[in-house]
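Listed here are the chains, written in short residue letters.
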Amino acid sequence: MTGSRFPIDGDRLRRDIEDNAQFGAVPTDEGRGRTVLPGTKPNQRAREHLVDRMIVAGLDVTVDAVGNVAGTWRPDGCDPSAAPVAVGSHLDSVPSGGIFDGPLGVYAGLEAVRAMQDAGTTPTRPIQVVSFTGEEGTRFSDGVLGSSVAAGLTETETALERTDDGETLRDALLEIGFQGEGRLDAGDWHAWLELHVEQTDRLEEMGVTAGVVTTIAGTTRLHGTIEGEADHTGTTSMADRTDALAAASEFVLAVEQAARTEAERTDTTVATVGELSVDPGVVNVVPGEVEFSIDIRDVEKPVIDRLVTHAEETLQALETDRGVETTLDRSYDVPPVDMAPTCRTALHEAGRSLDVETVDVHSGAGHDTMQVATATDAGLLFAPSRGGHSHNPLEWTDWHDCAVTTSLLTEALSTLANSEDTAHPSQHS
Ligand SMILES: [Zn+2]
């Protein structure tokens, strides 16, 4: 890496991430783990620490109604009325999650601001460092809770009324002192950037430190049933059976094969039958009914739709061939989201100016950026995950890689914070 206009302090960044790792730390034999569920004591301590660090950096800290934390840097000489550029991620974790997933992006955003301050530069636009509430979906929602409110996809009230174990999000946030006012609005931002660990091993395999995300894969989930006839296994001849599980087995393999065929071309298609429940599920009864779910993901919506159609046709064929009755419901449908060309370019350019190789990658997992991208120009940068491990204590990103990707983030953030207004293309859907 060559010299940056805004040298970041890798030790300061590391200290922040390691300090944050103490909150909710769990004992492990290998690696470092933490459990930081939204609205819990460890979450409170992690949030309070972030606020302290933001105040030390001279940021103006606000907390919105759903607990999203924003620290705004409005230096003398910037245009205070210009739309800010925002950067960040989340501080919550899955149970026994890793120490980088989320905190790297939050503290890298803060470090980027501090690096610009240290360099004595004044961006045209204010910069906001953001930590979203409840990204992981361990409580109150299936995930990306705070960012979906910020993007206007979920109503504030709806989010606050969500419950976990009888407690509402509102009460949980009140309890930890982070139920603020108003709504952090991603639509107000000129652009958004998030640095996140990759959670797979492509960058490591390629030997590249920085992945610039092109598209976040869309996800479709289906739930279905296959109904046959529950009969005595000993007295029902093979010719007289309507075995729901045997039919389901054909179905599972057909889903897998169709996804494999698509993936030969796209390299991004995945489809999984992850749940199968057999009724009555008894050793001496021919299976009468099977319930299943499918999770399909790809960066191309038509591919997802084709796989859904293929699943429907497979079930129809099973009705004809095996006499079963079937149902299939598309219960969850989030389309793929393209990252904004301006943000992608800024990240690649940052790599070029710092002499750090960058590579285009797609994201198979959803992130807060997926929500934000529906409201403004958004970019997502990946740092390598050792061995691809994530959501467990083995999750690791070398400190050097944290520092290099944070330098890229800083450079790109500066570019966006000094860029003119652009008409937001209508692709935000
Ligand atoms: Zn994350």
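About the cut-offs
Residues numbered from 1 in each chain as written. Predicted model: local features only at pLDDT ≥ 70, side-chain atom pairs only at ≥ 80, totals over all residues. Heavy atoms only, no water. 1 Å grid on protein atoms, 1.4 Å probe; cavity = no way out; pocket = protein on both sides within 12 Å on 5 of 7 lines; lining within 4 Å. Points joined across faces, edges and corners; volume = space filled by probe spheres on them. Helix = DSSP H or I, 4+ residues; strand = E, 2+ residues; numbered from the N terminus. Nonpolar A, V, L, I, M, F, W, Y, C, P; charged D, E, K, R; others polar. Domains from an automatic or database assignment. Buried < 20%, exposed > 50% of the residue type's maximum accessible area, 1.4 Å probe, protein only. Contact = heavy atoms within 4.5 Å. Buried area = accessible area lost by both parts, 1.4 Å probe. Polar contact = N/O pair within 3.5 Å; in protein donor to acceptor, adjacent residues only side chain to side chain. Expected span 1.5 Å × (residues − 1). Pairing = 2+ DSSP bridges. Salt bridge = Lys/Arg side-chain N within 4 Å of Asp/Glu carboxyl O. Axes fitted to C-alpha atoms, helices over the stretch in contact; angles between N-to-C directions. Donors = N, O, S within 2.8 Å, 3.2 Å for Na, K, Ca; no water. Parallel < 35°, antiparallel > 145°, perpendicular 65-115°, else oblique. UniProt positions renumbered as here; feature names shortened; annotations may be inferred.

(A) Here's a closer look at the layout of surface pockets. Size it by volume and the largest pocket reaches roughly 850 Å³. Along its surface, the largest pocket is lined by 36 residues, and Asp-142, Val-144, Tyr-332, Gly-366 and Met-370 are the ones closest to its centre. Every element with two or more residues in the lining of the largest pocket is listed here: helix 4 (145-150), strand 11 (218-227), strand 14 (325-334), strand 16 (358-363) and helix 11 (368-372). Residues of the lining of the largest pocket, tallied by class, amount to ten nonpolar, 17 polar and nine charged. Counting the residues that make up the lining of the largest pocket, at least three belong to each of domain 1 (10-216 + 337-417) and domain 2 (218-334).

(B) Expanded view of the side chain of Gln-371. Examined against the element boundaries, Gln-371 turns out to sit in helix 11. Residue class for Gln-371 comes out buried when judged on its relative accessible area of 10%. What Gln-371 contacts, discounting residues up to four positions off in sequence, is Val-144, Ser-147, Ser-148, Ala-151 and Leu-153.

(C) Main features of unusual backbone geometry. Cis geometry is found at the peptide bond from Asp-279 to Pro-280, where omega equals 0°. We note that Gln-199 has phi near 65°; this positive angle belongs to a residue other than glycine. Of note, Gln-199 is situated in the loop between strand 9 (191-197) and helix 7 (202-206).

(D) Fine view of the domain arrangement of the protein. Once the domains are mapped, the protein shows domain 1 (10-216 + 337-417) and domain 2 (218-334). Look at where the C-alpha atoms of domain 1 and domain 2 centre, and you get two points 37 Å apart. Taken together, the contacts link six residues of domain 1 with five residues of domain 2. Contact between domain 1 and domain 2 buries roughly 440 Å² in total, counting both sides, with carbon and sulfur atoms accounting for 62%. Across the contact surface, domain 1 and domain 2 share one residue pair in polar contact (both at pLDDT 80 or more). In terms of residue class, the side of domain 1 that touches domain 2 is built from three nonpolar, three polar and no charged.

(E) Structural context of helix 1 (residues 10-21). For helix 1, built from twelve residues, the straight-helix expectation of 16 Å at 1.5 Å per residue is met to within 8% by its first-to-last C-alpha distance of 16 Å. Arg-12, Leu-13, Asp-16, Ile-17, Asn-20 and Ala-21 are the residues of helix 1 that are buried. Here the buried face of helix 1 lies against strand 1 (25-26), strand 2 (33-34), helix 2 (41-56), helix 3 (103-118) and helix 12 (399-417). Here helix 1 starts with a cap whose side-chain oxygen sits 3.1 Å from the backbone nitrogen of Asp-11, and that cap is Asp-9.

(F) Main features of the pairing of strand 3 (residues 60-63). In terms of strand pairing, strand 3 meets strand 4 (residues 69-73) through four bridges, oriented antiparallel. Directly across from Asp-60, in strand 4, lies its bridge partner Thr-72. Here strand 3 folds back onto strand 4, and the loop between the two strands holds five residues, one of which, Gly-67, carries a positive phi near 85°.

(G) Representation of the pattern of salt bridges in the model. Under the counting rule described, the total for this entry stands at 27 salt bridges. Residues joined by salt bridges that share partners form a network here, namely Arg-12, Asp-16, Arg-53, Glu-111, Arg-114 and Asp-118.

(H) Focus on the sheet that holds strand 14. A sheet is described by the order of its strands in space; here four strands give the open sequence 12-13-11-14, paired in antiparallel fashion. In this open sheet, the two edge strands, each paired with only one partner strand, are strand 12 (270-279) and strand 14. Averaged over all pairs of adjacent strands, the angle between their axes in this sheet comes to 15°, without regard to strand direction. With nine bridges connecting them, strand 11 and strand 14 associate as antiparallel partners. Its bridge partner being in strand 14, Arg-221 is matched across the sheet by Tyr-332. Its contacts with the sheet place helix 8 (residues 244-266) against strand 11, strand 12 and strand 13 (289-298), and it is angled at close to 5° to strand 13. Running at roughly 170° to strand 14, helix 9 (residues 301-322) makes contact with strand 11, strand 12, strand 13 and strand 14 of the sheet.

(I) Just the environment of Ala-57, in detail. Along the polypeptide, Ala-57 turns up in the loop between helix 2 and strand 3. With 305 residues separating them along the chain, Ala-57 and His-362 place their C-alpha atoms 33 Å apart. Setting aside anything within four residues of it in sequence, one finds Ala-57 in contact with Leu-110, Arg-114 and Gln-117.

(J) Main features of the coordination of the zinc ion. Bound to the zinc ion are the protein donor atoms His-90 (NE2), Asp-101 (OD) and His-196 (NE2), situated 2.0 to 2.1 Å from the metal. Of note, the zinc ion draws all its donor residues from one chain, in the sequence arrangement H-x10-D-x94-H. Residue His-90 is found in strand 5 (residues 85-90), and its partner His-196 is found in strand 9; the two are separated by 106 residues along the sequence. The same class applies to His-90 as to His-196, namely buried.

(K) Main features of the packing of helix 2 against helix 3. The geometry of helix 2 relative to helix 3 is characterised by a closest axis approach of 11 Å and an angle of 10° between their N-to-C directions. Of the possible angle classes, the one that applies to helix 2 and helix 3 is roughly parallel. Across from Ala-46, His-49, Leu-50, Arg-53 and Met-54 in helix 2, the residues of helix 3 making contact are Val-106, Tyr-107, Leu-110 and Arg-114. Residues of the contact of helix 2 with helix 3, tallied by class, amount to six nonpolar, one polar and two charged.

(L) Broad picture of the UniProt feature "domain: Peptidase M20 dimerisation" (unreviewed entry) in the protein. Mapped onto this structure's residue numbering, the UniProt feature "domain: Peptidase M20 dimerisation" (unreviewed entry) falls at residues 218-315. Between the end C-alpha atoms of residues 218-315 the distance is 23 Å, and the span holds 39% helix and 31% strand.

(M) Spatial organisation of empty space enclosed by the protein. If you walk through the whole model with that rule in mind, you get two cavities of 30 Å³ or more. Taken together, Val-255, Ala-258, Ala-271, Ile-294, Ile-296, Leu-307, His-310 and Ala-311 make up the full set of residues lining the largest cavity. Counting only elements with at least two residues in the lining of the largest cavity, the list comes to helix 8, strand 13 and helix 9. The biggest single contributor to the lining of the largest cavity is helix 9, with three residues. Of the residues that constitute the lining of the largest cavity, the class distribution is seven nonpolar, one polar and no charged. Only helix 2 and strand 6 (127-132) provide two or more residues apiece to the lining of the second largest cavity. Considering only residue class, the lining of the second largest cavity consists of two nonpolar, four polar and two charged.

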